[in-house]
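# Examining the three-dimensional arrangement
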Amino acid sequence: MKYHRLGRTSLEVSTLGFGASPLGNVFGNTSLADDERAVATAIDLGINFFDVSPYYGLTLAEQRLGTAFANRRNQVILATKCGRYGLSKFDFSAKGIRSGFEASLARLKTDHVDLLQVHDVEFASTEQVIQETIPAMRELQMEGKTRFIGITGYPVKLLTRIAREVEVDTVLSYCRYNLMNTDMDDVLTPFTCEQNIGLINASPLLMGILTNRGAPEWHLASNEIKEAAKRATEVAVKHGIDISTLALQFSLAHPSVASTLIGMATAEEVKTNVLSAENALDLSLVSEVKKAIGEGFASTWPSGLPEHWD
Ligand code: NAD
């Protein structure tokens, strides 16, 4: 496993990070026993960066992750989030951030996290994030309850704008740097590099689209995107490689991303993905897959308040 410094924080995160949303049954039901094996296997294989949120499975993922760490909490770099608590349940107020985070700590069975992030800034007023949410998180940092703070979300221009206006330690962008879309690099990547802000890229499989199983029902991507993913899968199959392997390797090859977060719920997925991370990306296959994906259709979807859409 390789490790990268997360921006100007002191955290050395594994380049392959463990996304814990599947522990909340977000992609289908999992069992606690499977989750425990997945987490233990990940730690054994050198994955030290774990990302979760109270939103995933409406607190279930945090509960299960806290249990799955058992006595190994001190071996991992733990990130959770605040502000989003349901599909349409948000509270970005200072009071809500504090109470939401205290509940997260209890579920995670720890007295601090390494990174606390605002979850999905596109659902908040930017003014509130800058003037109320981030300052409340800095207070929690001063109290030793989180070591660093960051923001997460889908619209890359908004993430960049917020990080420009208020100091954050990390930015997590999802579904914006993968085999089908690389527009994270248009604005966000250059800015985070210039400022040495830790850049985390989530969802290299486009939240399940770049898998043989395909997208979960709740996915907001258009049929055009899903059809393009099927064409990509066919090319990968023809070359005897799993589309998920290629997609993960593509995201992992990004030179400026500190950690690529992939959602995992079984020890088998963990082992497969660690192996994929160790093998080189086939660039000529990437060109062929990209050709099959083609252009001329929107590769993003709306998320959050309309004024924040890219
Ligand atoms: P993803 O693209 O990582 O896909 C996850 C899905 O792929 C799951 O169903 C998983 O079981 C499956 N999978 C994993 N490895 C596989 C393999 N080798 N073969 C086939 N299937 C495989 O999507 P994600 O989980 O949404 O994103 C990763 C993590 O990033 C999340 O768990 C979460 O921690 C984080 N994230 C954060 C935000 C945010 O903060 N706003 C948004 C999205 C994701």
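Shown above is the structure to which this text applies.
The structure contained in this document is the topic of the report that follows.

Conventions we followed
- Residues numbered from 1 in each chain as written.
- Predicted model: local features only at pLDDT ≥ 70, side-chain atom pairs only at ≥ 80, totals over all residues.
- Heavy atoms only, no water.
- Helix = DSSP H or I, 4+ residues; strand = E, 2+ residues; numbered from the N terminus.
- Rg over C-alpha atoms; globule rule 2.2 N^0.38 Å.
- Contact = heavy atoms within 4.5 Å.
- Near = heavy atom within 4 Å.
- Polar contact = N/O pair within 3.5 Å; in protein donor to acceptor, adjacent residues only side chain to side chain.
- Areas by Shrake-Rupley, 256 points an atom, 1.4 Å probe, with all protein chains shown as cover.
- Nonpolar A, V, L, I, M, F, W, Y, C, P; charged D, E, K, R; others polar.
- Phe/Tyr/Trp six-rings, centres within 6.5 Å; stacked < 30°, edge-to-face > 60°.
- Buried < 20%, exposed > 50% of the residue type's maximum accessible area, 1.4 Å probe, protein only.
- Lys NZ or Arg CZ within 6 Å of the ring centre and 35° of its normal.
- Pairing = 2+ DSSP bridges.
- Right-handed = clockwise from strand over helix to strand, strands pointing away.
- Axes fitted to C-alpha atoms, helices over the stretch in contact; angles between N-to-C directions.
- Parallel < 35°, antiparallel > 145°, perpendicular 65-115°, else oblique.
- Left-handed = near helix turned anticlockwise from the far one by under 90°.
- Core = buried A, V, L, I, M, F, W, Y, C linked by side-chain atoms within 4.5 Å.
- Salt bridge = Lys/Arg side-chain N within 4 Å of Asp/Glu carboxyl O.

### A word on the overall build of the protein
When helices and strands are counted, the protein shows ten helices and twelve strands. For a compact globule of 310 residues, the expected C-alpha radius of gyration is about 19 Å, and the protein comes in at 18 Å, within 12% of that figure. With the principal axes as the frame, the protein shows a C-alpha extent of 55 × 45 × 35 Å. In the protein, of all internal contacts separated by at least 6 residues, the share reaching a separation of at least 24 is 76%.

### Some details on the site of the ligand
Not every one of the 29 residues close to the ligand is listed here, only the nearest: Ser21, Asp51, Asp120, Glu269 and Asn273. Arg213 has a polar side-chain atom sitting 3.2 Å from an oxygen atom of the ligand. In isolation the ligand offers 830 Å² of accessible surface; the protein chains occlude 92% of this area. Counting residues per element, the ones that place at least two in the shell around the ligand are strand S10 (170-174), strand S12 (259-263) and helix H9 (267-278). Classifying every residue of the shell around the ligand gives 13 nonpolar, eleven polar and five charged.

### Things to note about the packing of aromatic side chains
Using the criterion set out here, one finds nine aromatic pairs in the structure. Look at Tyr55 and Tyr56: their rings are 6.1 Å apart centre to centre, the planes differ by 40°, and that puts the pair in the tilted class. On the basis of relative accessibility, which here comes to 16%, the residue Tyr56 falls in the buried class. On the numbers, 5.9 Å between centres and 15° between planes, the contact of Phe90 with Phe92 is stacked. Of the residues examined, Phe90 reaches a relative accessible area of 27% and is grouped as partly exposed. We classify Phe92 as buried; its relative accessible area is 5%. Among the aromatic residues, those joined into a ring-pair cluster are Phe18, Phe50 and Phe69. The aromatic ring of Tyr55 is capped on one face by Arg84, whose charged end is 4.2 Å from the ring centroid.

### Some remarks on the pairing of strand S8 (residues 113-118)
Of all six residues making up S8, six are buried, and the element is well covered by its neighbours. Across four bridges, strand S5 (residues 77-82) lies against S8 in parallel orientation. Bridging from a neighbouring strand, Thr80 pairs with Leu116 of S8. Across five bridges, the pairing between S8 and strand S9 (residues 146-153) is parallel. Across the sheet, Val113 pairs through a bridge with Thr146, a residue of S9. At this point the chain moves from S8, through helix H4 (residues 126-142), to the parallel S9, and the crossover so formed is right-handed.

### Remarks on the packing of helix H1 (residues 32-44) against helix H2 (residues 60-69)
Where H1 contacts H2, the two axes come as close as 9 Å, and the packing angle between them is 55°. As the angle between them shows, H1 and H2 are arranged oblique. Crossing hand, H1 versus H2: right-handed. For the pair H1 and H2, contact is made by Leu32, Asp35, Glu36, Val39 and Ile43 and by Arg64, Leu65, Thr67, Ala68 and Phe69, respectively. Classifying every residue of the contact of H1 with H2 by side-chain character gives six nonpolar, one polar and three charged.

### Regarding the nonpolar core
Counting residues in hydrophobic clusters, the biggest one holds 100 residues, and the most contacted among them are Phe18, Phe50, Leu65 and Ile151. When sequence neighbours within four positions are dropped, the list of residues in contact with Ile151 reads Gln117, Val118, Val121, Ile134, Leu159, Ile162, Ala163, Val168, Thr170, Val171 and Leu172.

### Notes on the pairing of S9
Here S9 lies mainly inside the structure; seven of its eight residues are buried. Both S9 and S10 contribute to a ladder of four bridges, which runs parallel. From the neighbouring strand, Ile151 faces S10, where its bridge partner is Val171. Handedness of the S9-helix H5 (residues 156-165)-S10 crossover: right-handed.

### Considerations on the pattern of salt bridges
Applying the stated criterion across every chain yields a total of 19 salt bridges. Taking the shortest distance from any N to any O, the salt bridge between Glu139 and Arg98 comes out at 3.5 Å. Linking Glu139 in helix H4 with Arg98 in helix H3 (residues 94-108), this pair joins segments that are 41 residues apart in sequence. What makes Arg98 partly exposed here is its relative accessible area of 28%.

All we've got here are geometric facts, nothing functional implied.
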